Number of protein chains: 2
Amino acid sequence: MARIVVKFGGTSVGDTDRLENVARMVQLEVERGHQVAVVVSAMSGVTNQLVGYVDKIMPLYDAREYDVVVSTGEQVTIGLVALALQKRGVKARSFASWQLPIRTNEAYGRARILSIGTEEIEKAMAEGVVAVVPGFQGVSGEGRITTLGRGGSDTSAVALAAALKAERCDIYTDVDGVYTTDPRITDKARKLPMVTYEEMLEMASLGSKVLQTRSVELAMNHRVRVQVLASFRKLNGEISFDVPPGSDMPGTLVVDEEEIMAKGLEQSVVSGIAYDTNEAKVTVANVADRPGVAAALFGPLAASNINVDMIVQNVSSDGRATDITFTIPKTDLPRARAVLEERKAALGFTELHTDADVCKLSVIGVGMRSHAGVALTMFETLAKRGINIAVISTSEIKISVLIAAEYTELAVRALHTAYGLDAA
Amino acid sequence: MARIVVKFGGTSVGDTDRLENVARMVQLEVERGHQVAVVVSAMSGVTNQLVGYVDKIMPLYDAREYDVVVSTGEQVTIGLVALALQKRGVKARSFASWQLPIRTNEAYGRARILSIGTEEIEKAMAEGVVAVVPGFQGVSGEGRITTLGRGGSDTSAVALAAALKAERCDIYTDVDGVYTTDPRITDKARKLPMVTYEEMLEMASLGSKVLQTRSVELAMNHRVRVQVLASFRKLNGEISFDVPPGSDMPGTLVVDEEEIMAKGLEQSVVSGIAYDTNEAKVTVANVADRPGVAAALFGPLAASNINVDMIVQNVSSDGRATDITFTIPKTDLPRARAVLEERKAALGFTELHTDADVCKLSVIGVGMRSHAGVALTMFETLAKRGINIAVISTSEIKISVLIAAEYTELAVRALHTAYGLDAA
């Protein structure tokens, strides 16, 4: 018997039929003898509808009232899932965030979970009752409803698993696991049986939207074993479970590096190839090459809430002027341009080049720490296909390069093969 | 400056445009210097949608989870109305029922309000903040969400007005007040400027669905002055307020008899003519005329949750057998027939006659207490038109008769004239 937290979001709580399937899957875990807590999102489209109401009345809203409105979506789902479980003969009850409570800070609309009271849930579990809890929300110190921001339900689930010291946190999603790369780009992509927190974190922040970055951070900090798996798949045109009874590890397990090593699994040097086409490149040409110029450039961008990602500064030949290139979210490009043009005289640059047709390509793997030559393989593979690299940035377990967007698929496929990731 | 509670339900919170109109009306009250608390229902159709979800998953639901789901409709509205008020520069905040709290008993799905904590609202009012509160719900002793049953928002508003010792409880509805009779039947129907709690109670329980019966009882018990008024009316094709600034009493005030007398208003003997075509007549012929037969007849009906309304027992000529006639809700007719037929031998009756084409016609007025001849006028008026009376029942301020449904409009118009209620 184990204690597990299971989380259902997205299309897996799409409508009442889907909710009945959720109940079937939870029932399966209960029948395996597990103590189960369920975390659910709002039904598909509900949150968007609620946000739409708020936007219609007041686009510059009071975040506290926004949270009152938007948090109701999950409250509907917890009641319905509890009912669907009862219908199947599984004892269940819903808990609102204020009933546990799920305490957060006062950052309405983007709150962070501070603690979760587990007394009520543990009492329920001891009585064989499945607890159904809303994701995405909590209650502030002053006793008002908060929400965690989009995708916060993953974080709720991991935080609850940590509080309950659960054996595992199963996150059911629209994909059936974490792949070596996007299966839409190459059919040679393989599902990874296990991946480390560190790798998952790099993948999450690189646009592989399997899990929210914050939830992976939390899992890593509290050593919560997270399993990513598909809620449904089509078999002969029918929606079916992705968890055949008896099969225990159908998705991808996100765990500690030591657990993977302890299992003696053959670990590749590189675990996956990620790409992100949501960034844009900005080059500020002929900036005066003197101390403080980077701060003068990036300060105003930060003040405007524009996140700068990759940065390169070219060595100036004459020691007087230099070019600085960096990337920002594509959607922030018009604002960034305005911010910089406004300060053109102060910064002393001559030209501003921007390019939205770029792709940030990354190879990720904890094996890099102990293996040399990983970067070289990447550069050689791209060079052989005539793909030019505009910017390079590296971390301990990741190498990222910026290339022209048109080469994305070619580059992903070539690297997937080069690092020996292709499915047999 | 007065303290008032205003309640908006039905189509007045139909969509976000209507909610903005609600905010305009509340703003008007604030600008008049009033301290205002707002009680709101769910937006049109929302509660039905939520109930639909529950029914789809589990028709025989756990009422506690039903309440969790169904109570979210009002939570959406409170946040949106608070936002709409803020948009107009009116300070406002929403309060969930558990934040005040609105305490109820544990009768999930049909709970009764026990008490309302006013500390938070009074603090808000002292700071010039309009409190926006959800109708229809509360929190039980064990800390779970409850709902009051359909139409419970009127009761929430009256209970809040009582708790806050408010000067008035304004209930905005789809009609603009209480009329001497249904205006769809005669264009001579007049809007009553004032009506007593007792009269309103009789009208409410007789199918004039302006206010929920329970809310009128509560208002009477706590002497809450209730004003019924229209949220909107069409003026030259445009939706407009029914409260022109400066006009203070546009609807119908439901108050104590003494207040009406103190104002020296000419009070008619009869205030209104009500009718109800939702009852059916049942006659059980040739029942043994012995002690205990009525109990034997009505016991099983009560056990089957069938409400019996009017009852007459004819005097038997031979002292051996008698006919008993009574009315029940039309929708319960098939069940009642089954219950009685099953006990035919035990009850010893020979025949069962039912008639669903009947109308319960009532004249209502506190003036009856001190005036004789009111019933006679009714009987004579109906006799003159050849309308037969099947059953008669009376209370202190009401006379009801059962007639054939086809005479409904004729009878209503004739009585409206006979009691001097016709508009000039």
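Residues numbered from 1 in each chain as written. Chains lettered and ligands numbered in written order. Predicted model: local features only at pLDDT ≥ 70, side-chain atom pairs only at ≥ 80, totals over all residues.

A.B. asks: Lay out the overall build of chain A with the relevant residues and their values.
C.D. replies: Helix and strand counts for chain A come out as 14 helices and 22 strands. Computed over its C-alpha atoms, the radius of gyration of chain A comes to 24 Å, within 12% of the 22 Å expected for a compact globule of 424 residues. With the C-alpha coordinates aligned to their principal axes, the bounding extent of chain A is approximately 75 × 55 × 40 Å. Nonlocal contacts in chain A, meaning residues at least 24 apart in sequence, comprise 74% of its contacts between residues at least 6 apart. (Helix = DSSP H or I, 4+ residues; strand = E, 2+ residues; numbered from the N terminus. Rg over C-alpha atoms; globule rule 2.2 N^0.38 Å. Contact = placed C-beta atoms within 7 Å.)

A.B. asks: Can you lay out helix α8 (residues 213–222) of chain A for me, pointing to particular residues and giving the numbers?
C.D. replies: Residues and elements named next belong to chain A. Among all positions in α8, only Arg214, Ser215, Val216, Leu218 and Ala219 are buried. Summarising the contacts, the buried residues of α8 are in contact with α6 (152–163), α7 (197–205), β11 (226–230) and β14 (252–255). The first or second residue beyond α8 is Arg223, which carries a positive phi of 55 degrees. (Buried ≥ 20, exposed ≤ 12 C-beta atoms within 10 Å, placed from the backbone.)

A.B. asks: So what about the interface of chain B and chain A? Which residues, and what values?
C.D. replies: Interface size is often expressed as the accessible area that is lost when the parts come together. With 29 residues of chain B at the contact, the number on the chain A side is 29 residues. If you list the elements that add at least two residues to the side of chain B that touches chain A, you get α1 (16–31), α2 (46–57), α3 (63–70) and α4 (72–87) of chain B. The element best represented in the side of chain B that touches chain A is α4 of chain B, accounting for 11 residues. Here the side of chain B that touches chain A is built from residues that sort into 16 nonpolar, eight polar and five charged. (Nonpolar A, V, L, I, M, F, W, Y, C, P; charged D, E, K, R; others polar.)

A.B. asks: Give me the sheet that holds strand β21 (residues 391–395) of chain A: which residues, what numbers.
C.D. replies: Residue and element names in this part refer to chain A. The strand order across the open sheet formed by four strands is β15-β20-β22-β21, and the pairing between neighbours is antiparallel. For this open sheet the edge positions go to β15 (272–276) and β21, each flanked by a neighbour on one side alone. Geometrically, the sheet is characterised by an average inter-axis angle of 20 degrees between neighbouring strands, direction not taken into account. Bridge analysis of strand β20 (residues 358–364) against strand β22 (residues 398–404) gives seven bridges, and the strand direction is antiparallel. Looking at the pairing, Val358 lines up with Ala404 of β22. (Pairing = 2+ DSSP bridges. Axes fitted to C-alpha atoms, helices over the stretch in contact; angles between N-to-C directions.)

A.B. asks: Break down unusual backbone geometry for me, citing the residues and quoting the values.
C.D. replies: What is expected of a backbone is that most residues other than glycine have negative phi and most peptide bonds are trans. Following Leu100 of chain A, the chain continues to Pro101 of chain A via a peptide bond in cis, the omega torsion being -10 degrees. Within the secondary structure, Pro101 of chain A is located in the loop between β3 (92–94) and β4 (102–104). Phi is positive for Lys165 of chain B, close to 50 degrees, though the residue is something other than glycine. One can find Lys165 of chain B in the loop between α6 (152–163) and β9 (168–173). Despite not being glycine, Asn305 of chain B shows a phi value in the positive range, around 65 degrees. Residue placement: Asn305 of chain B occurs in the loop between α10 (293–303) and β17 (311–313). Overall, the presence of 8 C-beta atoms within 10 Å leaves Asn305 of chain B in the exposed class.

A.B. asks: How would you explain the confidence of the model for chain A if you had to name every residue and give the values?
C.D. replies: Residues and elements named next belong to chain A. Confidence along chain A averages 89 in pLDDT terms, with 93% of residues attaining 70 or more. In the model, residues 234–248 has pLDDT below 50 throughout and makes 19 contacts with residues more than four positions away in sequence or in other chains. Reported confidences for the modelled complex are a pTM of 0.83 and an ipTM of 0.80. (pLDDT = per-residue confidence, 0-100.)

A.B. asks: Outline the environment of Ile171 of chain B, supporting the account with residue identities and numerical values.
C.D. replies: All names here are of chain B. Note that Ile171 resides in strand β9. It is 8.5 Å that separates the C-alpha atoms of Ile171 and Val5, two residues lying 166 residues apart in sequence. Non-local contacts of Ile171, meaning those with residues more than four positions away in its chain, are made with Lys7, Asp154, Ala157, Leu211, Val226, Gln227 and Val228.

A.B. asks: Could you give an account of the relation of the copies chain B and chain A, with specific residues and numbers?
C.D. replies: Here chain B sits on chain A after a turn of 180 degrees about the axis and a move of 0.1 Å along it, with an RMSD of 0.2 Å. Expressed as a symmetry operation, the mapping of one chain copy onto the other fits a two-fold axis. It is Thr72 of chain B whose C-alpha, among those of chain B, lies nearest the rotation axis, at 2.8 Å. Both copies share a contact surface, since 100% of the interface residues of chain B are interface residues in chain A too. (Least-squares fit on C-alpha atoms with pLDDT ≥ 70 in both.)

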